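Structural description and commentary
Now for the letters of each chain:
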Amino acid sequence: MQIEIVSNSPVFTRNLGKKFSTVLSKGDIILFTGELGGGKTTFISGLAVGFGLRGNLSSPSFTILNEYRIDNTRKFIHADLYRLENMKEIDGIGLEDYFYDEISIICIEWGDRIKDNIEKDYLEINFSYLIDESSNGTKRRIVFTSSNKYWDIKLSGCEKMFMEDGR
Ligand SMILES: Nc1ncnc2c1ncn2[C@@H]1O[C@H](COP(=O)(O)OP(=O)(O)OP(=O)(O)O)[C@@H](O)[C@H]1O
Ligand SMILES: [Mg+2]
């Protein structure tokens, strides 16, 4: 299943992330793919707001992975594989341990780098620039793609929610 959304501003993208946080549960894995500056971190910072995490989400670019505690039963994991040199390094950060710890919600920027190595169901969210006459560089296409039943069901519940005004 696929849902395509056009975002006109960083605020819209952030709000979309905030809304989307409400459907996420422990064990969920989301791969963020697409262009540099597409809005992946912006969306994820909206998710963090939705989880009640305060302050600015620091980019994990240098650390590759940041772990936040949402509450007593849930963790939020934000990874960014942009600077990853090779697959061995992934083993080193212990990302996979979070997949199976049963308390983590995991967001992975540049997730296409490990796509082929993930055995659990995941959702992909792709970000790309949309250039048209009316855009002043702030238009983005955000495409949610599920290829398994678990995420199909979740996504179908999101369609209506996404359409509600959040600009
Ligand atoms: N509609 C939009 N949605 C999200 N960000 C937008 C939008 N329009 C403009 N921007 C700007 O684009 C940039 C997006 O940066 P962001 O760090 O979220 O992207 P990213 O996909 O995480 O990049 P990277 O690939 O470097 O990790 C920000 O400077 C933001 O203000
Ligand atoms: Mg980013």
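So, here is what we can say about the structure in this document. (Residues numbered from 1 in each chain as written. Chains lettered and ligands numbered in written order. Predicted model: local features only at pLDDT ≥ 70, side-chain atom pairs only at ≥ 80, totals over all residues.)

1. Observations regarding the site of ligand 1
By nearness alone, 18 residues border ligand 1, and Thr13, Gly39, Lys40, Thr41 and Thr42 come closest of all. Elements with a contribution of two residues or more to the shell around ligand 1: helix 1 (10-21) and helix 2 (40-50). Tallied by class, the residues present in the shell around ligand 1 amount to five nonpolar, 10 polar and three charged. (Near = placed C-beta within 6 Å. Helix = DSSP H or I, 4+ residues; strand = E, 2+ residues; numbered from the N terminus. Nonpolar A, V, L, I, M, F, W, Y, C, P; charged D, E, K, R; others polar.)

2. Digging into helix 2
Every α-helix carries 3.6 residues per turn, so stepping three or four residues along brings you back to the same face. Summarising burial for helix 2: 10 of the 11 residues are buried, a large majority. Residues of helix 2 that are buried: Lys40, Thr41, Thr42, Phe43, Ile44, Ser45, Gly46, Leu47, Ala48 and Gly50. In this fold, the buried residues of helix 2 make contact with helix 1, strand 2 (29-34), strand 4 (75-80), strand 5 (104-109) and strand 6 (123-129). One or two residues past the end of helix 2 sits Gly52, with phi positive at roughly 80°. (Buried ≥ 20, exposed ≤ 12 C-beta atoms within 10 Å, placed from the backbone. Contact = placed C-beta atoms within 7 Å.)

3. A closer look at the pairing of strand 6
A large share of strand 6 lies buried, amounting to five of its seven residues. Of the strand pairs in this sheet, strand 2 and strand 6 are connected by five bridges, and their pairing is parallel. Pairing of Ile30 across the sheet is with Leu123, part of strand 6. Across seven bridges, the pairing between strand 6 and strand 7 (residues 140-146) is antiparallel. When the sheet's bridge partners are listed, Asn126 is paired in strand 7 with Val143. (Pairing = 2+ DSSP bridges.)

4. Focus on the pairing of strand 5
Counting buried positions along strand 5 yields six of six residues, so the element is predominantly enclosed. Taking every second residue as pointing to the same face, both faces of strand 5 are buried, with Ser104, Ile106 and Ile108 on one and Ile105, Cys107 and Glu109 on the other. Bridge analysis of strand 2 against strand 5 gives four bridges, and the strand direction is parallel. Paired with Leu31 across the bridge in strand 5 is Ile108. In this sheet, strand 5 lies alongside strand 4 in parallel orientation, the contact comprising six bridges. In the strand pairing of strand 5, Ala79 is matched with Ile108.

5. Points about the nonpolar core
Of all hydrophobic cores here, the largest spans 29 residues; its most connected members are Ile30, Phe32, Ile77, Ile106, Cys107 and Ile108. Those elements that place two or more of their residues in this core are helix 1, strand 2, helix 2, strand 4, helix 4 (95-99), strand 5, strand 6 and strand 7. The residues contacting Ile106, other than those within four sequence positions of it, are Asp28, Ile29, Ile30, Ile77, Tyr98 and Phe99. (Core = buried A, V, L, I, M, F, W, Y, C linked by C-beta atoms within 7 Å.)

What is shown is where atoms sit, not what they do.
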